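Letter by letter, the chains look like this.
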Amino acid sequence: MEVKKFFLILLVYVLLSTTTSCSFNNQSTLNYDKNAEDKITIRVAWWGTQPRNEYTTKIIELYEQRNPNVNIESEFEDWDNYWNMLEPMAAANQLPDVIQMDIAFLAQYGEKGLLEDLTYYIENDIIDSSNIQQSVLNSGKISDELYGFTIGINALSVISNDELLEKAQVEIDDRNWTWEDMVQIAMKIKMKAGVYGSNGMNPPDIFFPYYLRTKGEQFYKEDGTGLAYTNDQLFVDYFKLQLRLIEEGAFPTPDIGMTVRGIEEDFIVKGTSAITWNYSNQLLAFDQITDSPLSLHLPPENDRQKALFLKPSMMLSIPKTSKVKVEAAKFIDFLVNNIEANKMMNGERGIPVSSKVVEAIKPELSKSELKIMEYVEETTKLTDDFYSPDPIGSAEVMEVLTDISDQILLKKITPEEGAKSFRKKAEEILKLNNKS
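The present account deals with the structure reproduced in this document. These numbers come from a predicted model, not from an experiment.

1. With respect to the overall build of the chain
Here is step 1 of the chain: Secondary structure summary: the chain contains 20 helices and 10 strands in total.
Here is step 2 of the chain: In summary, the chain has a C-alpha radius of gyration of 24 Å against a globular reference of 22 Å for 436 residues, a match within 12%.
Here is step 3 of the chain: Taken along its principal axes, the extent of the C-alpha atoms in the chain is 90 × 50 × 35 Å.
Here is step 4 of the chain: Going through the 436 residues of the chain one by one, you find that 54% of them count as buried.
Here is step 5 of the chain: Here the analysis covers contacts within the chain between residues at least 6 apart in sequence; of these, 76% occur between residues at least 24 apart.
Here is step 6 of the chain: Here the chain has roughly 20700 Å² of accessible surface; of this, 49% comes from carbon and sulfur atoms.
Here is step 7 of the chain: Placing the 44 positive and 68 negative side-chain charges of the chain at their respective mean positions leaves the two points 3 Å apart.

2. Some points on the packing of aromatic side chains
Here is step 1 of the chain: Tallied over the full model, the rule gives 30 aromatic pairs.
Here is step 2 of the chain: Here the basic side chain of K190 rests over the ring of Y196, its NZ or CZ set 5.7 Å away from the ring centre.
Here is step 3 of the chain: It is K311 that lies over the ring of Y279; its NZ or CZ is 5.3 Å from the centre.

3. Points about helix 20 (residues 415–433)
Here is step 1 of the chain: If you check helix 20, its first and last C-alpha atoms are 27 Å apart, about what 19 residues at 1.5 Å a residue would give, namely 27 Å.
Here is step 2 of the chain: Inspection of helix 20 places P415, G418, A419, F422, R423, A426, E427, I429 and L430 among the buried residues, and these make up the whole buried set. The arc that holds the buried residues of helix 20, viewed along the axis, is 165 degrees, so those residues lie on one side. Helix 20 presents K420, K424, K431 and L432 as exposed residues on the side facing more than 90 degrees away from its buried surface.

4. Regarding the pattern of salt bridges
Here is step 1 of the chain: Enumeration over the complete set of coordinates arrives at 18 salt bridges.
Here is step 2 of the chain: Between K343 and E364 there is a salt bridge, with its nearest N and O atoms 2.8 Å apart. Residue K343 is found in helix 16 (residues 339–345), and its partner E364 is found in the loop between helix 17 (355–361) and helix 18 (367–382); the two are separated by 21 residues along the sequence.
Here is step 3 of the chain: Relative accessible area serves as the criterion here: at 31%, K343 is assigned to the partly exposed category.

5. Concerning the nonpolar core
Here is step 1 of the chain: Counting residues in hydrophobic clusters, the biggest one holds 142 residues, and the most contacted among them are M182, I189, F219, F235 and F422.
Here is step 2 of the chain: Here this core gets nine residues from one element, more than from any other, and that element is helix 11 (residues 233–247).
Here is step 3 of the chain: Setting aside residues up to four positions removed in sequence, F219 forms contacts with F208, P209, L212, G226, L227, A228, Y229, V397, M398, L401 and F422.

6. Quick notes on the environment of N199
Here is step 1 of the chain: Positionally, N199 belongs in the loop between helix 9 (179–193) and helix 10 (204–214).
Here is step 2 of the chain: We classify N199 as buried; its relative accessible area is 10%.
Here is step 3 of the chain: Spatially, the C-alpha atom of N199 lies 6.0 Å from that of F251, the residues being 52 residues apart in sequence.
Here is step 4 of the chain: Sequence-distant contacts of N199, that is, excluding residues within four places in its chain, are made with P252, F267, S273, I275, T276 and W277.
Here is step 5 of the chain: From its side chain, N199 meets the backbone nitrogen of W277 in a polar contact 3.1 Å long.

7. Topic: unusual backbone geometry
Here is step 1 of the chain: With a phi angle near 55 degrees, E301 is a residue other than glycine that sits in the positive phi range.
Here is step 2 of the chain: Checked against the element boundaries, E301 lands in the loop between strand 8 (294–297) and strand 9 (310–317).
Here is step 3 of the chain: Non-glycine residue N346 carries a positive phi angle of around 50 degrees.
Here is step 4 of the chain: With respect to the helices and strands, N346 occurs in the loop between helix 16 and strand 10 (351–352).
Here is step 5 of the chain: On the basis of relative accessibility, which here comes to 17%, the residue N346 falls in the buried class.

8. With respect to the environment of I289
Here is step 1 of the chain: Here I289 shows up in the loop between helix 14 (282–288) and strand 8.
Here is step 2 of the chain: Note on I289: relative accessible area 37%, which makes it partly exposed.
Here is step 3 of the chain: Sequence-wise, I289 and E265 are 24 residues apart; in three dimensions their C-alpha atoms are separated by 10.0 Å.
Here is step 4 of the chain: Setting aside anything within four residues of it in sequence, one finds I289 in contact with I263, E264 and V269.

9. Some points on the pairing of strand 6 (residues 149–161)
Here is step 1 of the chain: For strand 6, a buried count of 13 out of 13 residues is recorded, marking the element as mostly surrounded by other parts of the structure.
Here is step 2 of the chain: Bridge count between strand 6 and strand 10: two bridges; the pairing is antiparallel. Bridge assignment links I153 to a residue of strand 10, and that residue is I351.
Here is step 3 of the chain: Looking at chain direction, strand 6 and strand 7 (residues 275–279) are connected through five bridges and run antiparallel. Pairing of S157 across the sheet is with N278, part of strand 7.
Here is step 4 of the chain: Strand direction decides the pairing type here: strand 6 and strand 8, joined by four bridges, are antiparallel.

10. Describing the side chain of E301
Here is step 1 of the chain: A relative accessible area of 6% places E301 in the buried class.
Here is step 2 of the chain: A polar contact of 3.1 Å, which involves the side chain of E301, links it to the backbone nitrogen of W179.
Here is step 3 of the chain: Once you skip the residues sitting within four places of it in the chain, E301 turns out to touch W177, T178, W179, Y210, T214, K215 and A307.

11. Some details on the packing of helix 11 against helix 19 (residues 394–409)
Here is step 1 of the chain: It is the contact of helix 11 with helix 19, at a shortest axis distance of 10 Å, that shows an interaxial angle of 45 degrees. Between helix 11 and helix 19, the interaxial angle falls into the category oblique. Note that helix 11 runs across helix 19; the crossing there is right-handed. Here F235, F239, Q242, L243 and I246 of helix 11 come into contact with helix 19, specifically with L401, I404, S405, I408 and L409.
Here is step 2 of the chain: Tallied by class, residues from the contact of helix 11 with helix 19 come to eight nonpolar, two polar and no charged.

Reading the values: the criteria
- Residue positions are given per chain, counted from 1 along the sequence in the order it is written.
- The predicted origin of the model limits local features to residues at a pLDDT of at least 70 and limits the giving and counting of side-chain atom pairs to 80 or more, whereas totals for whole chains, interfaces and linings rest on all residues.
- Side-chain measures were taken over the full set of non-hydrogen atoms in the model, leaving aside hydrogen atoms and water.
- Numbered from the N terminus, helices here are DSSP runs of H or I no shorter than four residues, and strands are runs of E no shorter than two.
- As a reference, a globule follows 2.2 Å times the number of residues to the power 0.38, and the radius of gyration itself is taken over C-alpha atoms.
- Residue burial is assigned from relative accessible area. The probe radius is 1.4 Å, only protein chains are included, and a residue is buried under 20% of its type maximum, exposed over 50%, and partly exposed in between.
- The criterion used for residue contact is that any of the two residues' heavy atoms lie within 4.5 Å.
- Using the Shrake-Rupley algorithm and a 1.4 Å probe, accessible areas are obtained, with residue cover drawn only from the displayed protein chains.
- Charge assignment: positive for Lys and Arg, negative for Asp and Glu; neither His nor the chain ends contribute.
- Note on charges: their place is set at NZ of Lys, CZ of Arg, CG of Asp or CD of Glu.
- Any two rings among Phe, Tyr and Trp, with Trp reduced to its six-membered ring, count as a pair given centres within 6.5 Å; such a pair is stacked if its planes are under 30 degrees apart, edge-to-face if over 60, and tilted if neither.
- Only when the NZ atom of a Lys or the CZ atom of an Arg is both within 6 Å of the ring centre and within 35 degrees of the ring normal do we say a charge sits over the ring.
- Helix span is expected to be 1.5 Å times the residue number reduced by one.
- Summarising the geometry, the arc corresponds to the directions from the helix axis toward the C-beta atoms.
- A pair is scored as a salt bridge if a Lys or Arg side-chain nitrogen falls within 4 Å of a carboxyl oxygen belonging to Asp or Glu.
- What is meant by a nonpolar core is a set of buried Ala, Val, Leu, Ile, Met, Phe, Trp, Tyr and Cys residues, joined one to another through side-chain atoms within 4.5 Å.
- N or O atoms within 3.5 Å of each other form a polar contact, as long as, within protein, one can give a hydrogen and the other can take it, and as long as residues adjacent in sequence are counted only when both atoms are side-chain atoms.
- Pairing between two strands requires that DSSP report at least two bridges joining them.
- The axes are straight lines fitted to the C-alpha atoms, using for helices just the contacting stretch, and the angles between their N-to-C directions are given from 0 to 180°.
- Here the angle decides the label: under 35 degrees means roughly parallel, over 145 means roughly antiparallel, 65 to 115 means roughly perpendicular, and every other value means oblique.
- Rotating anticlockwise by less than a right angle from the far helix to the near helix defines a left-handed crossing, while the corresponding clockwise rotation defines a right-handed one.
- Gly falls in the polar group here, along with every residue not listed as nonpolar (Ala, Val, Leu, Ile, Met, Phe, Trp, Tyr, Cys, Pro) or charged (Asp, Glu, Lys, Arg).

Here it is as C-alpha cells:
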C-alpha cells in the first residue's frame, strides 16, 4: 500500500509541475525581468553595413537612457559572418536575446524549435501592433506561430542611373514593360551609352523566383518538400534571356560581377551600368555614394499573374532560451514604434510597419528616403501579398542555384543541363529537410 501511495503522490507531482511550467512560462519570464536586482542585460544581434551599426548603436544608447536598469550588449557582423556567428550559438543554446532575422532563415530557426512565438507579447501589449496591418504581422508567421516580427517593408525594384538613361535616349514604362522590352532597353543602353544595360539579374535566388511569378508559377511547394514549378523550360528561358544579353555585352559575366566587393564598387555607383536590380531600400545606400540621379522602377511584367510582392526587409526574433524575453520584447517594441528611434533609421531597414511612425518621419526624410517610401507605398496599392518564408534547406538550395547560374552564364554547361541538375539537387535537399 505504501508503494502504491508513493507512486500516486509522484504522479500528481509530475502532472502539477508539468502543467505549471507550461502555463506560467511567459509569466515566470515576466517576474524574472521585474524582480532582477541588478541591471538586466539583453544581447542584441544584427547584420548590416557600418552606417547601420552606427545608428543602431545610437538607438541602443537612447533605449538605455530611458531604461536605466537595462544594459544592451551588441553583436554586429556583415551578412555572411552574421549567419556563421549564429549557427554555433544556436547549437550551444546561446543565441542572443533579440535576433535580427531574415525570411530565408525563419523556418530553419523557427521550425526547429529555436524561436519564441511572439503572439503572447502582442496579445499582452508588450509589443504594440495597433498601427500595423494584419498582413504585415502575418508575414512572420509559419503555421500559427509568429516567429518573426517584421520591422520594415521592401519591394523588388529596378534602380536606374537617370543620366545614363537620358544619354541612351531610353525611358522605362514600368507599369507596362515586358521582359522583351527589358532586353531591348538593355541593348540600346549598351549601344548608345557604352555601358552595361544592367548589372545582370543577380542574385538568381531573388530574380528567378520573381520570373516564375510572372509566368504564374511559384518557386517552392507550400509544404517546402520540393520545387513548385514543373516545366523546366521556364528555367531554360530565364537563363537564355541572360545569355543573350551577355553575348550582346549588355550584361556582365559572373566573373566580372565577382570583382564587385561591396556597394562602393557596384556597377551603378561606378557608372558602368545604367540599371541595377535590387530591393528598394538599397537606393539609399547607392544614393549616398554617387552624385548621379537615381530612380526606382517596378520590375518587368509586374502586373502579370500577381507577380509583384512585398517582402519583410528584416524581422526580429526572440530565442526560446532567452531568460529576459519580456525585456527583449520591449526593445522590439521600441524599434518598431518609437518615433525618435525611427528617425535615426529613416527607413534604412525598410519602410516602417507602423502607420503612425511613417507619418511622423515623412517630413524629415531626405529626397532619396522619400523616393523609397513613396515607391513602397505605391507598391502596397498594387499588392498586399507578402513573400512567404523560405522552407528549411532553402539556403543550401540557393547556393546550388547560384553555382549552376554561374556555370551557365560562363558557358560551362547549357541552360538545359543546368535545369536538370538544379531540379535534381534542389529536390534532394528539400525532401531531406522537409519530410511530410
